[in-house]
Amino acid sequence: MSGRKKRLTWGMMLFGFALAGYLLYVGLSKFTWDDIVRSVRAIPGWNMALALFYCALSYLCLTGFDWTGVRSVKSDLAYPRIALASFVSLGLGQTIGLAGLSSGAIRYRYYAHWGLSTEDVAKIVLLSGVTVGLGLMVLGGLVMVLNPSDTAGILRLGPNVVRMLGVLCLALAVAYVALAAFLRTPLRIRGWSFQLPRARLAVAQIVLGTLNFAFVSACLMELMQATENVSFLKAATAFVLGNIAILITHAPGGLGVLEVTVRHVMGEQASIGALVAFRVIYFFIPLFIALPVALISEAAFRIARRRQDPSSGPPEGTARVTPAVELPSV
């Protein structure tokens with residue numbers, strides 16, 4: 001990475017942390033520590049258990065993002081290895097921030113060790129990023145068609161305009177599958193060349209991407225159900241808008257941005273305890289699991305390399321690990 005890109009990356013990270021800190025202050029300043037603890041304790045154990053279950057289903061779907069990417073580069077890498085690389089990279093990357101750099105570099109470490117080239121890893125990360133966009137677009141389209149009033153109030157648009165935007169989002173997803181089915185030459189956009197996956201993988205991307213965001217929305221809904229009767233569509237609307245805000249701000253893990261956006265959409269229905277519990281369940285618990293798994297995996301990689309080559313060179317047939325390259329986000 002060039003010096004200019006490094007400075008830009010560090011600048012974006014510092015800006016993200018500063019913005020996250022400010023938004024957290026704005027969102028939490030009116031609450032005392034006792035208020036937050038009392039609000040979290042008010043969530044019944046059953047709702048917590050269901051939220052954890054939906055969180056687990058979401059991370060299972062996220063492994064499917066990598067699976068479609070690996071299969072698109074014609075690799076027969078076993079699913080357990082794909083799941084390991086996906087969980088560790090996203091468990092760390094979603095909290096660290098700048099997921100394109102953090103999770104992409106971690107993926108490169110795993111996939112290069114297992115014999116995939118730098119180009120293959122870049123394609124896998126790119127396809128995973130496309131899956132994220134498709135899932136967000138389809139779920140966003142559905143909530144705009146089925147629940148236009150909430151989105152209309154936030155975007156200051158008429159309900160009919162919101163419905164039209166939702167239909168457009170769904171039509172774009174259908175167009176993606178159609179292109180994947182009939183366009184076999186690389187798609188070129190402003191000098192970028194992108195080979196679409198087969199139609200079957202394109203459908204899998206849409207299904208997995210949409211299910212992932214639906215499960216995360218269900219996780220959020222269960223936690224808010226502790227104090228209010230919150231519908232799935234309203235929780236999904238808040239989460240989709242929160243993710244759009246996260247993509248715009250690049251705040252690490254959406255820290256502060258997600259909480260402020262959800263409270264803006266949901267009002268008092270989104271208790272501070274539900275938002276704190278959601279961040280712990282969806283971001284911090286996977287982080288604390290992924291970190292030791294990453295350290296154990298790295299130790300296993302080093303032992304395997306030493307057994308094959310005492311000079312600690314990379315295993316035969318694998319790509320040599322280079323400094324982290326900037327890859328598209330997931």
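Values in this document were obtained by computation on a predicted structure and should not be read as measured data.

(A) How the structure looks around the overall build of the chain. Scanning the chain from terminus to terminus reveals 12 helices and 2 strands. Within the span of the chain, comprising 330 residues, buried residues form 49% of the whole.

(B) Representation of the side chain of Ser 297. Topologically, Ser 297 is positioned in helix α12 (residues 272-308). For Ser 297, a relative accessible area of 9% puts it in the buried group. Of note is the side chain of Ser 297, whose polar atom sits 3.3 Å from the side chain of Tyr 110. Apart from the residues within four sequence positions on either side, Ser 297 is in contact with Leu 84 and Tyr 110.

(C) Highlighting unusual backbone geometry. The phi torsion at Lys 74 lies on the positive side, around 65°, for a residue other than glycine. Mapping Lys 74 onto the fold places it in the loop between α3 (45-72) and α4 (79-96). Judged by its relative accessible area of 70%, Lys 74 is exposed.

(D) Quick look at the nonpolar core. Of all hydrophobic cores here, the largest spans 46 residues; its most connected members are Leu 223, Met 224, Val 262, Met 266, Phe 278 and Tyr 282. Looking at this core, the elements with two or more residues in it are α3, α6 (118-146), α9 (199-224), α10 (232-249), α11 (257-266) and α12. The element contributing the most residues to this core is α9, with 10 residues. Apart from residues lying up to four places away in sequence, Leu 223 is in contact with Ile 43, Asn 47, Met 48, Ala 51, Ala 274, Ala 277, Phe 278 and Ile 281. Membership of the second largest hydrophobic core comes to 21 residues, among which are Ile 82, Ala 85, Trp 114 and Phe 301.

(E) Region of the structure containing the pattern of salt bridges. With the rule as written, the count across this model stands at 4 salt bridges. In this structure, the salt-bridge partner of Arg 107 is Asp 66, at a minimum N-O distance of 2.8 Å. A residue pair is termed long-range when its members are at least 10 positions apart, and Arg 107 in helix α5 (residues 99-113) and Asp 66 in helix α3 qualify at 41 residues. Across the pair, exposure class does not vary: Arg 107 and Asp 66 are buried alike. One salt bridge in this structure joins Lys 123 and Glu 119, with 3.3 Å as the shortest N-O distance.

(F) Spotlight on the packing of aromatic side chains. Considering all chains together, one arrives at 13 aromatic pairs under this definition. Taking the centre distance of 6.2 Å and the plane angle of 65° together, the rings of Tyr 111 and Trp 114 count as edge-to-face. For Tyr 111, a relative accessible area of 0% puts it in the buried group. Here Trp 114 falls in the buried class, since its relative accessible area comes to 15%. Residues Phe 239 and Phe 278 carry aromatic rings whose centres are separated by 6.2 Å and whose planes lie at 75° to one another, so their mutual orientation is edge-to-face. Taken together, the positions of Phe 239 in helix α10 and Phe 278 in helix α12 put the pair 39 residues apart, joining distant regions of the chain. Residue Phe 278 is classed as buried on the basis of its relative accessible area, which comes to 3%. One aromatic cluster in this structure is built from Tyr 59, Phe 87, Phe 213, Phe 239, Phe 278, Tyr 282 and Phe 283. Between Arg 279 and the ring centre of Phe 283, over which it is positioned, the NZ or CZ distance is 4.6 Å.

(G) A nonpolar patch on the surface, seen in detail. There is a patch of nonpolar side chains on the surface, built from Leu 52, Val 280, Phe 284, Ile 285, Phe 288 and Ile 289 and spanning about 500 Å² of accessible area. A total of 5 residues in the nonpolar patch trace back to one element, the largest contributor, which is α12. Along the chain, the position of Ile 285 falls in helix α12. Overall, Ile 285 belongs to the partly exposed group, its relative accessible area being 32%.

(H) Representation of the state of the cysteines within the structure. One pass over the structure, following the stated rule, counts 0 disulfides. We note that Cys 55 lacks a disulfide partner, and the nearest cysteine sulfur, in Cys 219, lies 5.6 Å from it. Among the residues examined, Cys 55 registers a relative accessible area of 6% and is labelled buried.

(I) Main features of the environment of Asn 160. For Asn 160, the location among the structural elements is in helix α8 (residues 159-182). Assessed through its relative accessible area of 56%, Asn 160 is described here as exposed. For the pair Asn 160 and Met 144, spaced 16 residues apart in the sequence, the C-alpha separation amounts to 9.6 Å.

Analysis parameters
- Residues numbered from 1 in each chain as written.
- Predicted model: local features only at pLDDT ≥ 70, side-chain atom pairs only at ≥ 80, totals over all residues.
- Heavy atoms only, no water.
- Helix = DSSP H or I, 4+ residues; strand = E, 2+ residues; numbered from the N terminus.
- Buried < 20%, exposed > 50% of the residue type's maximum accessible area, 1.4 Å probe, protein only.
- Polar contact = N/O pair within 3.5 Å; in protein donor to acceptor, adjacent residues only side chain to side chain.
- Contact = heavy atoms within 4.5 Å.
- Core = buried A, V, L, I, M, F, W, Y, C linked by side-chain atoms within 4.5 Å.
- Salt bridge = Lys/Arg side-chain N within 4 Å of Asp/Glu carboxyl O.
- Phe/Tyr/Trp six-rings, centres within 6.5 Å; stacked < 30°, edge-to-face > 60°.
- Lys NZ or Arg CZ within 6 Å of the ring centre and 35° of its normal.
- Patch = residues over 30% accessible without salt bridge, like charges linked within 9 Å, V, L, I, M, F, W, Y side chains within 5 Å.
- Areas by Shrake-Rupley, 256 points an atom, 1.4 Å probe, with all protein chains shown as cover.
- Disulfide = S-S within 2.5 Å.

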